[in-house]
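Observations on the three-dimensional arrangement
Here are the chains, one letter per residue:
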Amino acid sequence: MMTTLMDSKSAGFKFSAKLGATRAILRAFGVFGDPFTRLLQGQEDPYPLYAKVRQRGRIHRSHLGTWVTGSHELGSRVLRDRSLFLNREQGGVPGHEMMDEIPWNSSILGLDPPDHTRLRRLAQPAFGPRMISKYRIQVEKLCHGLLDQMSARDGFDLIEDFAGPLPLLVIGELLGVPEEYHDRFIRAGRKVGPVIDGVKSLKMAREFRGAVDDLDQVFTELIALRAEDPGEDLISRLTVANGEGKLTTEELLAFCTVLAVTGFETTTNLIGNAVLAMTGDRAQWDLLREDPDLAPRAVEETLRYDSPALQAQRVPHQDIALEGHHIRANSSVVVLIGAANRDPEVYEEPDRFDLTRENPAEHLSFSGGIHYCIGAPLARMEGETALRVLAERLPDLRVAGPVRRRSSPVISGCTRLPVTGKAG
């Protein structure tokens, strides 16, 4: 027992020391004016730094040794290049060493072909047009149900009371999480989600470890139930595939956990960012209010203007040349999605939110190539439905207090967004 406690304290000390050293390195390089290093420290408004990245050329090498691009054209090319990978040739994602301290199992987000292809093929039908049409009816009901709970109130927090619960309930429906598991599922999911921003403390790492264990327990129980009585949900589909030897139990649990987290983080931030942008410019909100059919445009412009995902990384397994630069094998190439989506070479007045923007280039918010976000159709549909219902039922929606935004190098969104507007 005493040895276990000492080992735990030693591991905690090592983790804290590693975290402190990482922060010190970032601060030091940030002082020397490296915009990418400053971005990694977290910024509530990263766009001025994105402009400085673009000023350094279509691609440049940061002080950390990472190759960085904020170019839309080059970023799109990098994300679609099948000769670039997520992992180094010998394994491991560059820059994710801190994640070694927490038990994130192997998942589709960190796999290259052929394993990535195998797992993606198993899950793809759950995100096809037929299933998305089926989910749309349920999403609309959930939106109205959440707003019904707010009907007696003049104000509420859009993230806490609407944009946060909605995607969790939807992904729970997709996975097949029964109502009696909802509280456990939502509680654990909310604790796991913030780690996407990065591990900021030993306490956070421990809470994450506990939350992943809780999610694993929920999914272990549900997998056992679905093995006995499969349905049409994704857990049933993957459980059957597990029984047929098409994926391991570890992969099955990791897949469920990753979908539970990423399935709500993107959509929560998409809805919050859209409302913040449009209510900040009443002309934009009025356009949506007068014509709720503009909701799909509102989603796409939000994904461009204030993308929930801010960067993506690729790794060459052989030396390559990009824009005249020699990039060695296993180097990190980072595409700053937030910068690429406001590239003035591609978008006219890129720093302006504009629902009437004509024929805009495709944004990079869902990545690209074989790693294009598998949940993109679901996120789009949820965002469109949520914005349509909000515009119809809360036409006078306004921000009603201080907004708290994430300070993250990888995720853009609000953690607090108080609004007023009585639901009709």
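Scroll up for the structure.
Quantities reported herein were computed from a predicted structural model and do not represent experimental measurements.

A short note on the packing of helix α6 (residues 129–150) against helix α16 (residues 376–393)
Running from amino to carboxyl end, α6 crosses α16 at an angle of 40°, the nearest separation of the two axes being 9 Å. Our classification of the angle between α6 and α16 gives oblique. Pair α6 / α16 crosses with right-handed handedness. Contacts between α6 and α16 involve Ile132, Tyr135, Arg136, Val139, Glu140, Cys143, His144, Leu147 and Asp148 from the former and Pro377, Leu378, Met381, Glu382, Glu384, Thr385, Ala386, Val389, Leu390 and Arg393 from the latter.

Considerations on the nonpolar core
Core analysis: the largest hydrophobic core is formed by 87 residues, its most contacted members being Phe162, Leu166, Leu175, Phe185, Phe219, Leu387 and Leu390. It is helix α12 (residues 249–279) that provides the largest number of residues to this core, a total of 14 residues. The residues contacting Phe219, other than those within four sequence positions of it, are Leu175, Val177, Phe185, Ile235, Leu253, Cys256, Thr257 and Ala260. Listed in part, the 15 residues of the second largest apolar core include Val78, Ala312, Ile320 and Leu322.

A look at the side chain of Ser412
As for its position among the elements, Ser412 is in the loop between β10 (404–405) and β11 (414–416). Looking at Ser412, its side chain comes within polar contact range of the side chain of Asp306, at 2.6 Å. Look past the residues within four positions of Ser412 in its chain and what remains in contact with it is Asn269, Asn273, Asp306, Ser307, Pro308, Leu310 and Arg405.

Structural notes on α16
Between its terminal C-alpha atoms α16 stretches 26 Å, which fits the 26 Å expected from 18 residues at 1.5 Å a residue. Counting buried residues in α16 gives 14 out of 18 residues, a clear majority hidden from the surface.

Focus: the sheet that holds strand β2 (residues 67–69)
Spatial strand order, β1-β2-β8-β5-β3: five strands in an open sheet with mixed pairing. Looking at the sheet topology across the chains shown, the edges are occupied by β1 (60–61) and β3 (84–85). Bridge count for strand β5 (residues 311–316) against strand β8 (residues 333–336) is four bridges, and the pairing is antiparallel. Bridging across to β8, Ala312 finds its partner in Val335. The strands touched by helix α4 (residues 72–80) within the sheet are β2, β3, β5 and β8, with β8 carrying the most contacts at an inclination of about 130°.

Focus: the packing of helix α8 (residues 165–175) against α12
Where α8 meets α12, the axes come as close as 8 Å, and the angle between the chain directions of the two elements is 145°. In the crossing of α8 with α12, the sense of the turn from one axis to the other is right-handed. In this structure, α8 uses Leu166, Pro167, Leu168, Ile171 and Leu175 to contact α12, whose residues at the interface are Cys256, Leu259, Ala260, Gly263, Phe264, Thr267, Thr268 and Ile271. Its residues assigned to classes, the contact of α8 with α12 shows 10 nonpolar, three polar and no charged.

Brief notes about the pairing of β5
β5 sits mainly inside the fold: five of its six residues count as buried. Pairing analysis gives two bridges linking β3 to β5, with the strands arranged antiparallel. Its bridge partner being in β5, Leu84 is matched across the sheet by Pro316.

Topic: the sheet that holds strand β4 (residues 155–157)
With antiparallel pairing, three strands are arranged side by side in an open sheet as β4-β12-β9. Two strands in the sheet have a free side with no partner beyond their single neighbour: β4 and β9 (398–399). The pairing of β9 with strand β12 (residues 418–420) spans two bridges and is classified as antiparallel. Following the sheet pairing, Val399 is matched in β12 by Val419.

The rules behind the values
Residues numbered from 1 in each chain as written. Predicted model: local features only at pLDDT ≥ 70, side-chain atom pairs only at ≥ 80, totals over all residues. Heavy atoms only, no water. Axes fitted to C-alpha atoms, helices over the stretch in contact; angles between N-to-C directions. Helix = DSSP H or I, 4+ residues; strand = E, 2+ residues; numbered from the N terminus. Parallel < 35°, antiparallel > 145°, perpendicular 65-115°, else oblique. Left-handed = near helix turned anticlockwise from the far one by under 90°. Contact = heavy atoms within 4.5 Å. Core = buried A, V, L, I, M, F, W, Y, C linked by side-chain atoms within 4.5 Å. Buried < 20%, exposed > 50% of the residue type's maximum accessible area, 1.4 Å probe, protein only. Polar contact = N/O pair within 3.5 Å; in protein donor to acceptor, adjacent residues only side chain to side chain. Expected span 1.5 Å × (residues − 1). Pairing = 2+ DSSP bridges. Nonpolar A, V, L, I, M, F, W, Y, C, P; charged D, E, K, R; others polar.

So, to be careful, I would describe these as geometric facts and stop short of saying anything about function.
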